[in-house]
Amino acid sequence: MLSSHSRSNNILLITNSEYGQASVFIALAYELCTLTKHDTDSEFQIHIASFDTLKPRISRLQQLLKSVNKGLENRVHFQPLPGVAHMDKLWSLVGGAKGLSHPPGLAGAVYNYRQMDACMAPWTIEEYGEQLTVLEQIITNTDPIAILVDNMYKPGTDVCEKMGKEYLVLSPNTGKEYAGNLQPYGQALWKYPVVSSGHAYPVPWYLIPLNIYLTFRLALYVACSPRVKRMIEFRKEMEIPSSFFEFYKPDIPYLIASFPEADFPFVLPQNVMSCGPMVLPVRPVIEQDPSLAKWLDERETVMINLGSHVTSDTKLTRVLAGGIRILLSRNPNVQVLWKLKAQGEVYDALRDLVGKEMDEGQVKAVSWLDVEPYAILEHENTVCSVHHGGANSYFEAVKAGVPQIVMPVWLDTYDFARRVGFLEIGVYGSKTSAPGADAEEFGQALLRVVGVSGVERGHGVRQSEAMSESKAFRRKALELSRLGMSYTGRKKAAEVVLNHIVNKRA
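Residues numbered from 1 in each chain as written. Predicted model: local features only at pLDDT ≥ 70, side-chain atom pairs only at ≥ 80, totals over all residues. Heavy atoms only, no water.

*Asks:* Break down the domain arrangement of the chain for me, with residues and values.
*Replies:* Domain boundaries assigned for the chain yield domain 1 (7-84 + 125-182 + 248-278 + 489-505), domain 2 (85-122 + 184-245) and domain 3 (285-486). Spacing between the C-alpha centres of domain 1 and domain 2 amounts to 25 Å. At the interface, 24 residues of domain 1 touch 23 residues of domain 2. Between domain 1 and domain 2 the total buried area reaches about 2100 Å² when both faces are included, carbon and sulfur atoms providing 67% of it. Considering only the side of domain 1, the residues that lose the most area to domain 2 are Val84, Ile125 and Lys154, jointly responsible for 25% of the buried surface there. Summed over the shared surface of domain 1 and domain 2, the number is 2 salt bridges. Salt-bridge contacts for arginine 235 lead to aspartate 158; the nearest nitrogen and oxygen are separated by 2.8 Å. Within the residue set of the side of domain 1 that touches domain 2, elements represented by two or more residues are helix H8 (125-142) and helix H9 (154-163). The element contributing the most residues to the side of domain 1 that touches domain 2 is H8, with 5 residues. For the side of domain 1 that touches domain 2, the residue count by class is 10 nonpolar, 7 polar and 7 charged. (Domains from an automatic or database assignment. Contact = heavy atoms within 4.5 Å. Buried area = accessible area lost by both parts, 1.4 Å probe. Salt bridge = Lys/Arg side-chain N within 4 Å of Asp/Glu carboxyl O. Helix = DSSP H or I, 4+ residues; strand = E, 2+ residues; numbered from the N terminus. Nonpolar A, V, L, I, M, F, W, Y, C, P; charged D, E, K, R; others polar.)

*Asks:* Mind laying out the packing of aromatic side chains, listing which residues take part and the relevant values?
*Replies:* This structure, assessed with the given rule, holds 18 aromatic pairs. Ring centres 5.9 Å apart and planes at 85 degrees place the aromatic pair phenylalanine 51 and tyrosine 153 in the edge-to-face group. Here phenylalanine 51 is found in the loop between strand S2 (45-50) and helix H3 (55-68), whereas its partner tyrosine 153 is found in the loop between strand S4 (146-149) and H9, with 102 residues between them in sequence. Look at phenylalanine 51 and you get buried, because its relative accessible area is 1%. Exposure remark for tyrosine 153: the relative accessible area of 0% places this residue in the buried category. Aromatic side chains tryptophan 123 and tyrosine 153 sit 5.7 Å apart centroid to centroid with 90 degrees between the ring planes, which places their arrangement in the edge-to-face category. Of the two residues, tryptophan 123 is situated in the loop between helix H7 (116-120) and H8 and tyrosine 153 in the loop between S4 and H9; the sequence distance between them amounts to 30 residues. Here the two residues tryptophan 123 and tyrosine 153 agree in accessibility, since each one is buried. Members of the aromatic cluster, connected to one another through ring pairs, are Tyr192, Tyr201, Phe264, Phe266 and Phe422. Against the face of tyrosine 19 rests arginine 57, its NZ or CZ located 3.6 Å from the ring centre. Lying over the aromatic face of phenylalanine 244, lysine 154 brings its terminal NZ or CZ to 5.1 Å of the ring centre. (Phe/Tyr/Trp six-rings, centres within 6.5 Å; stacked < 30°, edge-to-face > 60°. Buried < 20%, exposed > 50% of the residue type's maximum accessible area, 1.4 Å probe, protein only. Lys NZ or Arg CZ within 6 Å of the ring centre and 35° of its normal.)

*Asks:* An account of the UniProt feature "domain: Erythromycin biosynthesis protein CIII-like C-terminal" (unreviewed entry) in the chain is needed here, citing residue identities and associated values.
*Replies:* Under the feature "domain: Erythromycin biosynthesis protein CIII-like C-terminal" (unreviewed entry), the UniProt entry names residues 380-452. The annotated region residues 380-452 carries 44% helix and 16% strand content, and the separation between its end C-alpha atoms amounts to 18 Å. (UniProt positions renumbered as here; feature names shortened; annotations may be inferred.)

*Asks:* Outline the pairing of strand S9 (residues 334-339), listing residues and values.
*Replies:* For S9, the tally of buried residues reaches 5 of 6 residues, placing the bulk of the element in the interior. Note: strand S8 (residues 300-304) against S9, 5 bridges, orientation parallel. Bridge pairing in S9 links methionine 303 to leucine 337. Relative to strand S10 (residues 363-366), S9 is paired through 4 bridges, and the arrangement is parallel. Residue pairing across strands places lysine 339 opposite valine 366, the latter belonging to S10. The parallel pair S9 and S10, bridged by helix H17 (residues 344-359), forms a crossover whose chirality is right-handed. (Pairing = 2+ DSSP bridges. Right-handed = clockwise from strand over helix to strand, strands pointing away.)

Here is the structure:
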């Protein structure tokens, strides 16, 4: 006789609500629904457990599914979690995005390590316990045949451990987060940059002692944290068998949005599977916003989108606008789309530096993009993506084959800044000024990636070099995109999940 699990067609996805983490879950949910849309025996019901801040994204997913096939939207269900979302709770502890920002190097990394316990588990014991209770009820009610968890959301993995449930990990991150410590000869200490350090890969010989020191300093801060100690005691009381520090288990399948060619070289264990970028399909810009499509058709375009957590203040706006002026002074045949909440003094600073270009339509600042950013990246005129180094932003640009400028601000964003340089698909745009920026440095980064136009007196050789470098970035980015296509992204992840279900029912 089949067990209740064998009869269940429910799949449960448990994730943080921040889109950088949740995007891969939404992409997988879409694929699972559309992959089985004509198979009445495999009409899976997808339950997404997260905080209320993700609910609008789930509604958009349902609308997208409805446009594919009416009725598909009814196969996605939102399961709300209690309390405050991860990043919102973290902001309240560290003083917002600015409080978490830190420069690379010794002082910046140590500053960040003092906050790492809050990054890992920002909730109080009571809030953590309430989430476990609700998650346990969701699992009991849905009786899922498969559970996929964002392992950056500790209550999700903990509830599975507590209930003895099998689960898979789904992540937008790279192999470094899971296989870094598994590399032979202790390479995690001396070859790979420790988180928040901003060190290059491979770590330069003269920085190896610092890399080793920071690795142990991080472990010490976290292990001695009163917050972590309270959490460990609570988990013991809840009879959760795994260690609080256990981010990798050899018997758990890990599905990651990375692929080897888009990362630092790693030896990955068999249970860490490279799926490739997991991105929702998007309609072309012309179908979503004809006026924006017309504007994009006019010139080669730089898109600046520093993410929802990196807000531009007056100083940063001035600096970035100054960099844009440097670009436009050398290449008037390019335009800039900038996602920026430009109000009050921020707007005044923007107008002060690029007001003329805004009036002429060469610089477009928008507080919100009605079009999915990936659709803009796919537009043939988009030649550069400027972002803060989030995994989602990185892999979207990789998939679209667009060169990148990374302006890192914290944690692993520094790793992504180093990745684009190592892979020669872009530039670390604030190497001397992070987590802020410098107008000259940013402007030169734009010129390197976008290139210049015409031949200016006295700059012929440098002009030719700049054009050659920008072409090399574009070529490398397109080559990497083509390699990434072979991993199939959300399709690969869905196949792994479906095979997991088949094996479980066998």
